[in-house]
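Spelled out from the first residue to the last, the chains are:
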Amino acid sequence: MRPMKRIAAALMALAVICTAVLLPQPVSAVTQSDIDALKGDASDLTSQKKALEAKLASLSDDKAEVMKKKELLDQQIAVQVKEISNVESQISTYADLISQTQAELADAQAREAAQYELFCRRVRAMEEEGTVSYWSVLFKADNFTDLLDRLDAVNEIMDADQAVIDQLKALQNEISEKEASLKSSKADAEAAKTDLESKKSALDSQRKQANQLIQQLGANEDETEAAIDGLAEEEEAIQKRIQEMSRKLAEEQAAANGGQVSNAALGGYIWPVDSHYVTSTFGGRASPGGIGSTNHKGVDIGRVGYTTTVHAAKAGTIIVAQRSSSYGNYVVISHGSGNTTLYGHMSSLKVSAGTYVNQGDAIGITGSTGNSTGPHLHFEISENGVRINPLKYLTGYTLAG
Ligand SMILES: [Zn+2]
């Protein structure tokens, strides 16, 4: 074999090795379109917020409209919480995208280094073999057949060289593209983090504003009387409806089982939240700051903030999962005819009416919606249609001093 052919063969072999190094691009786990989808959701939330703002602006400072205002503020807060979790998802998607791009960049850089090494070796080989000029190879031909042989060899070498150079260029382009996308993802992630901070502080002030609205209402007795009457009326209407629904449900369930309505076992409740800190007990009380009923029909459990999970105190069927002026977002579970538990003022609900829940199942997240001056869980137990003191069953509590 002539030296020329050897070099050509060696180069082809290197090109094959080189191609083997060029692994296919990994399928992207995260793409910009994931972030674009999140941004689309965010813009939906922005229009929801604008609609609520318009409604809020249309309400007067008339005390009769304060509870309506509170309801709208509660809804606005819920949207704000969704916005925050959206931006948090954006930030975590950016983080995934950034680390993925960094890995791809490192991979491209390694391939570029290998390709560059191949290129250098090719140049050194040409120098050692004295084939720096293709033309010098051709000039050394003894006869026409030899020239044709040499021409073939030169073509092979030129093709192989060109492939090495093309791949090197392609890798360099890939690297600069990855660097540019990395830079823009990092800038976008920073912007999202700034956005998150401002949204969190907006949420903070919205929550303060919502709580103050109820506190201010309690400051002037004359002005609050109408609001209290309205709330008490609403509460009574709710109670009546709960008892009707609970009995009807028990009858339906009994009919489905071909039996009669039997009295469900009483008791057997667990704490609906991890906190056992009771800020307001059952029965008569001085309404602390707010306009809560002076004859409190449940217990208030504090130290729960806005993010504590609320659990079903006992297994049963959800008969109410909605919003009202007084209870805010609330859930009622029926445990048998006339036996229910009620969970009030939650930020969000995790269940809907008609669902059966086991004891301990998550039904919502604590909050301060409705007639509430700060985050707490209002918890009621009704037995045989009458609200009883929940502390009869819930033990190991601490009373707020
Ligand atoms: Zn309460």
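Scroll up to find the structure this text is about.
The model shown is predicted, which means the values in this text are computed figures rather than measured ones.

1. Some details on the overall build of the chain
Here comes step 1: Tallying secondary structure elements over the chain gives six helices and 14 strands in all.
Here comes step 2: Going through the 401 residues of the chain one by one, you find that 43% of them count as buried.
Here comes step 3: Within the chain, counting contacts between residues at least 6 apart in sequence, those at least 24 apart form 73% of the total.
Here comes step 4: Here the chain has roughly 20600 Å² of accessible surface; of this, 54% comes from carbon and sulfur atoms.

2. Some points on unusual backbone geometry
Here comes step 1: One non-glycine residue, Arg 303, lies in positive phi territory at about 55 degrees.
Here comes step 2: Relative to the elements of secondary structure, Arg 303 occurs in the loop between strand 4 (299-301) and strand 5 (309-311).
Here comes step 3: Its relative accessible area of 64% is what places Arg 303 among the exposed residues.
Here comes step 4: Positive phi outside glycine occurs at Asn 384, with the angle close to 50 degrees.

3. Overview of the coordination of the zinc ion
Here comes step 1: Coordination of the zinc ion by the protein involves His 296 (NE2), Asp 300 (OD) and His 378 (ND1), with metal-donor separations of 1.9 to 2.2 Å.
Here comes step 2: When the donor residues of the zinc ion are listed from N- to C-terminus, their spacing reads H-x3-D-x77-H.

4. Structural notes on the packing of aromatic side chains
Here comes step 1: Counted by the stated rule, this structure contains four aromatic pairs.
Here comes step 2: Arranged with centres 5.1 Å apart and planes meeting at 55 degrees, the rings of Tyr 269 and Tyr 393 form a pair that is tilted. A residue pair is termed long-range when its members are at least 10 positions apart, and Tyr 269 in the loop between helix 6 (221-256) and strand 1 (277-280) and Tyr 393 in the loop between strand 13 (386-388) and strand 14 (398-399) qualify at 124 residues.
Here comes step 3: Here the aromatic rings of Tyr 327 and Tyr 330 are separated by 5.1 Å at their centres, their planes lie at 40 degrees, and the arrangement is tilted.
Here comes step 4: Overall, Tyr 327 belongs to the buried group, its relative accessible area being 2%.

5. Section: the pattern of salt bridges
Here comes step 1: What the rule picks out here adds up to 14 salt bridges.
Here comes step 2: For Lys 200, the salt bridge is made with Glu 88, and the minimal N-O distance between the two is 3.8 Å. In this pair, Lys 200 sits in helix 5 (residues 144-219) while Glu 88 sits in helix 3 (residues 66-128), placing the two residues 112 residues apart along the sequence.
Here comes step 3: Where Lys 199 meets Asp 195, a salt bridge forms, and the shortest distance between an N and an O atom there is 3.0 Å. With a gap of four residues between them, Lys 199 and Asp 195 both fall in helix 5, about one helical turn apart.
Here comes step 4: Judged by its relative accessible area of 30%, Asp 195 falls in the partly exposed class.
Here comes step 5: One network of salt bridges, in which partners are shared, links Glu 235, Glu 236, Glu 380 and Arg 387.

6. With respect to the sheet that holds strand 5
Here comes step 1: The strand order across the open sheet formed by three strands is 5-11-9, and the pairing between neighbours is antiparallel. Strands with a single pairing partner mark the edges of an open sheet, and in this sheet they are strand 5 and strand 9 (348-349).
Here comes step 2: Taken together, the three bridges between strand 5 and strand 11 (residues 362-365) define a ladder with antiparallel strand orientation. Bridge pairing in strand 11 links His 311 to Ala 362.

7. Quick notes on helix 2 (residues 32-58)
Here comes step 1: For helix 2, with 27 residues, the first-to-last C-alpha span of 40 Å sits near the 39 Å given by 1.5 Å per residue.
Here comes step 2: Taken together, the buried positions of helix 2 are occupied by Ile 35, Leu 38, Ala 42, Leu 45, Lys 49, Leu 52 and Leu 56.
Here comes step 3: Looking at the packing, one finds that the buried side of helix 2 touches helix 3.

8. Remarks on the pairing of strand 12 (residues 377-383)
Note on strand geometry: in a regular strand, side chains alternate between the two faces of the sheet.
Here comes step 1: Burial within strand 12 is extensive, with seven of its seven residues counted as buried.
Here comes step 2: In strand 12, alternate side chains face the same way, and those of Leu 377, Phe 379, Ile 381 and Glu 383 on one face and His 378, Glu 380 and Ser 382 on the other are all buried.
Here comes step 3: As judged from the three bridges shared by strand 4 and strand 12, these two strands associate in the antiparallel manner. Bridge pairing links Asp 300 to His 378 in strand 12.
Here comes step 4: In the sheet, strand 12 pairs with strand 13 via three bridges, with the strands oriented antiparallel. When the bridges of strand 13 are listed, Glu 383 appears paired with Val 386.
Here comes step 5: Hairpin connection, strand 12 to strand 13: the antiparallel pair is bridged by two residues, and Asn 384 has positive phi, about 50 degrees.

Reading the values: rules and limits
- All residue numbers refer to positions counted from 1 along the written sequence of the respective chain.
- Predicted model: local features are reported for residues with pLDDT of at least 70 only, side-chain atom pairs are reported and counted for 80 or more only, and whole-chain, interface and lining totals are derived from all residues.
- In computing side-chain values, all of the structure's heavy atoms are included and hydrogens and water are not.
- What counts as a helix is a DSSP run of H or I of at least four residues, what counts as a strand is a run of E of at least two, and both are numbered from the N terminus.
- A simple rule labels every residue: compare its accessible area, found with a 1.4 Å probe on the protein chains alone, to the largest value its type can have, and call it buried under 20%, exposed over 50%, or partly exposed in between.
- The contact rule is simple, with two residues in contact once any of their heavy atoms fall within 4.5 Å.
- Accessibility throughout is a Shrake-Rupley quantity obtained with a 1.4 Å probe, and a residue counts as covered only by protein chains that appear here.
- A donor here means any N, O or S atom no more than 2.8 Å from the metal (3.2 Å for Na, K and Ca); water is not included, so a site may seem to lack partners.
- Only Phe, Tyr and Trp rings take part, Trp by its six-membered ring, and two of them pair if their centres are within 6.5 Å. Stacked means planes under 30 degrees apart, edge-to-face means over 60, and tilted covers everything else.
- What makes a salt bridge here is a side-chain nitrogen of Lys or Arg within 4 Å of a carboxyl oxygen of Asp or Glu, nothing more.
- Should DSSP find at least two bridges between two strands, the strands are taken to pair.
- Multiply 1.5 Å by the residue count of a helix minus one, and that product is the helix's expected span.

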